[in-house]
Each structure stands twice: as C-alpha cells, then as structure tokens.
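# Structure assessment
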Amino acid sequence: MNTPNSTLRAVRMGLLMSQDDFARAIRDSGRRVGQPNEANKRLVQRWEAGVIAAPRPLYARALESVTGLPIESLGFSAAVPLGRLSSDGNGGHDIEPAAVSTPEGVASAAGPAPQSSPRANYSGVWLSRYEFYSSGRDTSLVGQHFVIVLQHGNRLTVRSLPNGSSNPASPLTMDLTVDGSVVTGTWVEQTAEDGYYRGARYHGAVQMLVEPTGRRMAGKWIGFGKDMDINTGPWELVFRDASTTQTTLNQYNVPPQ
C-alpha cells in the first residue's frame, strides 16, 4: 500500500500552485538549465500519491529549483539516487547511473510501514502563533503564520503560506506526530535575509496538547539560542478553515493581523 507524500503536496499548495502549474514549473526549470524533462500533471499526482518513492535525478534537481528546498525535505520515502563517480579510464571521472529506473523515474523501494490512525483529521488552514524573547531588543515578541496542515495517518505536515507571515519572507515548517491528544515534532524557520535576524535559520522541537474541540493545539517550543543556551516559549495552532482549495489558500495568503 502506497503512503501519500503529504509533504510534497503541502509544499506545492503552499506555493499556491495547482498540479498543472507545478508540472509546468518543473518543465520550465529543466529547460532553463539545459536539462529538459517531461513533467506533467499525472507525474505530480503519482509523486503525491506515493506511487513513485523517489524521482529520477533529473526531476530531483528541478524539484529543488522550483520549491527552493533540498530533495530530502520533500517527503519522498526512498533516498533519491544521484549517481556516483567512477573512473572513465582516461584520467577523468564519469557519473554512473545510480539505478535502473522505471518509466517516469520510479526508483524501486519498499514503502514505509503503515501508521496507526489518529482520532481526528486536522487538515486545513491554521494560525500558528509562538512567543519568544529577543535579547537584542530586550523584549518579548510574537511570530505568526497562516499555515496549511496536511494529515496522513498520525503525521501532520505543516507549511506556511508564501505571504502568510507576520515577518515577511520567513517560511515556517513543522513535522508533527499525533498520539491521541498529544502532538510532538520539530520546527524550522528561515528568517529573511534583509530582516533583523539576517537570514538566520532557527529550529527545534515542539510539544502540544489538542483541546477536546480539536480546534486548538497549545504547548511549548524549545530551541537553541545564539549564546549556546536553550530557549523555550509558548506555541499554539488555532484552526481557521478545513478547506484547502486554491480560493481558500489565496484568502489566507496574507500577513496575520
């Protein structure tokens, strides 16, 4: 049984692209670097459905270019073969094909073990809100993002919308696991190059409890400070809309107020 690639789907939807748009962007990326490909909507559907465990290197490079993320962060369940160097017999090196691929770049691999089912489905648009202390400004601040949450089994993939941040150009990602009313996982935020934190990348862990209504998760984050210390603070996710249609995502693709 194939495990859907919720991460890739969340990334695509976070870019406000349909599957056709995404395929077109991948083709355009290949053409720009002189490595044309034949990406189409059906291929994107097979990636997102988990039918293809790992894309061919040709597509992997285009995926990285379009999403701005390394292929390891795009949710494929098998390692993407990128080839290996070997001697060409003339004092140089060639790249050998990494594996025999099936049509459309399927790298054969066993799928992950099935996951246990959670008690509820949390897919939709949520407002992420956390608090942190800025030592440089000697004050407590709040970071907010409108995020899209996609669920498969007991895993939640969280990605901020492109313009849905209170701090411009600071994308947020979270990878969470649900165990009853307990939500545990990791978070990463990449700050803006021209912002106060000058492109610094922050990451850490988070643990929250789901309220009985299922419309709010609240808990604490933990992360690393610049002075080799451990920082923590409150974090919550508040439900906004169960829809993940393009119209709904466009509605929330604005800075939270």
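From a predicted model like this one, the values you see are computed outputs, not experimental measurements. (Residues numbered from 1 in each chain as written. Predicted model: local features only at pLDDT ≥ 70, side-chain atom pairs only at ≥ 80, totals over all residues. Heavy atoms only, no water.)

### Quick notes on the environment of Val-142
- With respect to the secondary-structure elements, Val-142 resides in strand β4 (residues 139-152).
- For the pair formed by Val-142 and Tyr-130, sequence separation is twelve residues and the distance between their alpha carbons is 5.7 Å.
- When near neighbours in sequence (up to four residues on either side) are disregarded, Val-142 contacts Arg-129, Tyr-130, Glu-131, Phe-132 and Ser-166. (Helix = DSSP H or I, 4+ residues; strand = E, 2+ residues; numbered from the N terminus. Contact = heavy atoms within 4.5 Å.)

### Quick word on the packing of helix α2 (residues 19-32) against helix α4 (residues 57-67)
- Contact geometry of α2 with α4 gives a least axis separation of 9 Å together with a crossing angle of 110°. Between α2 and α4, the angle is such that the two are roughly perpendicular. Residues Phe-22, Ala-25, Ile-26, Ser-29 and Arg-32 of α2 touch α4, and the partners they reach there are Tyr-59, Ala-62, Leu-63, Ser-65, Val-66 and Thr-67. (Axes fitted to C-alpha atoms, helices over the stretch in contact; angles between N-to-C directions. Parallel < 35°, antiparallel > 145°, perpendicular 65-115°, else oblique.)

### Notes on the pairing of strand β5 (residues 155-165)
- Counting buried positions along β5 yields eight of eleven residues, so the element is predominantly enclosed.
- Here β4 runs beside β5; their pairing, made up of seven bridges, is antiparallel. Bridging across to β5, His-145 finds its partner in Ser-165.
- Here β4 folds back onto β5 in antiparallel fashion, the turn holding two residues, of which Gly-153 has a positive phi close to 60°.
- In this structure, β5 lies alongside strand β6 (residues 172-179), joined through five bridges in antiparallel fashion. Looking at β6, one finds that Arg-159 is bridged to Thr-173.
- A loop of six residues connects β5 with β6, the two strands running antiparallel in sequence, and Ala-169 in this loop sits at a positive phi of about 55°. (Buried < 20%, exposed > 50% of the residue type's maximum accessible area, 1.4 Å probe, protein only. Pairing = 2+ DSSP bridges.)

### Some points on the confidence of the model for the protein
- Here the protein averages 81 in pLDDT, while 82% of its residues score no lower than 70.
- Note that pLDDT drops below 50 for residues 82-88; the model gives that stretch 20 contacts with residues more than four away or on any other chain.
- This stretch, residues 90-119, has a pLDDT under 50; its non-local contacts, to residues over four places away or in other chains, come to 57 contacts. (pLDDT = per-residue confidence, 0-100.)

### A closer look at the pairing of strand β8 (residues 201-210)
- Direction of pairing for strand β7 (residues 182-190) relative to β8: antiparallel, over a ladder of nine bridges. Looking at the pairing, Thr-186 lines up with Ala-205 of β8.
- Bridge analysis of β8 against strand β9 (residues 216-224) gives seven bridges, and the strand direction is antiparallel. Paired with Ala-205 across the strands is Ile-222, a residue of β9.
- Linking two consecutive strands that pair antiparallel, namely β8 and β9, is a turn of five residues; a positive phi of about 75° is found at Gly-214 within it.

### Section: a nonpolar patch on the surface
- Side chains of Ile-222, Phe-224 and Ile-230 sit close together on the surface and give an oily, nonpolar patch of about 310 Å² of accessible area.
- Note on placement: Phe-224 falls in strand β9. (Patch = residues over 30% accessible without salt bridge, like charges linked within 9 Å, V, L, I, M, F, W, Y side chains within 5 Å. Areas by Shrake-Rupley, 256 points an atom, 1.4 Å probe, with all protein chains shown as cover. Salt bridge = Lys/Arg side-chain N within 4 Å of Asp/Glu carboxyl O.)

### Focus: the packing of aromatic side chains
- By the definition in use, this model includes nine aromatic pairs.
- Residues Trp-126 and Phe-239 carry aromatic rings whose centres are separated by 5.5 Å and whose planes lie at 80° to one another, so their mutual orientation is edge-to-face. Placement of Trp-126 in strand β3 (residues 124-134) and of Phe-239 in strand β10 (residues 230-241) is noted, with a sequence separation of 113 residues between them.
- Judged by relative accessible area, which is 1%, Trp-126 ranks as buried.
- Seen from their ring centres, Trp-187 and Trp-221 are 6.0 Å apart, and the 80° between their planes marks the pair as edge-to-face. Here Trp-221 lies in strand β9 and Trp-187 lies in strand β7, a separation of 34 residues in the sequence.
- Under the relative-accessibility criterion, Trp-187 is labelled buried at 8%.
- An aromatic cluster of at least three residues, connected via ring pairs, comprises Tyr-130, Phe-132, Trp-187, Trp-221 and Trp-235. (Phe/Tyr/Trp six-rings, centres within 6.5 Å; stacked < 30°, edge-to-face > 60°.)

### Quick notes on the environment of Glu-131
- If you trace the backbone, Glu-131 turns up in strand β3.
- Residue Glu-131 is classed as partly exposed on the basis of its relative accessible area, which comes to 31%.
- Once the C-alpha coordinates of Glu-131 and Gly-233 are considered, the two residues, 102 residues apart in sequence, prove to be 5.8 Å apart.
- Glu-131 has contacts with Leu-141, Val-142, Trp-221, Gly-233 and Pro-234, leaving out every residue within four places of it along the chain.

### Looking at the side chain of Ser-123
- With respect to the helices and strands, the residue Ser-123 is situated in the loop between β2 (93-96) and β3.
- Among the residues examined, Ser-123 registers a relative accessible area of 18% and is labelled buried.
- A polar contact is formed between the side chain of Ser-123 and the backbone nitrogen of Gln-151, at a distance of 3.0 Å.
- Discounting chain neighbours no more than four positions away, the residues touching Ser-123 are Val-149, Leu-150, Gln-151 and Ala-242. (Polar contact = N/O pair within 3.5 Å; in protein donor to acceptor, adjacent residues only side chain to side chain.)

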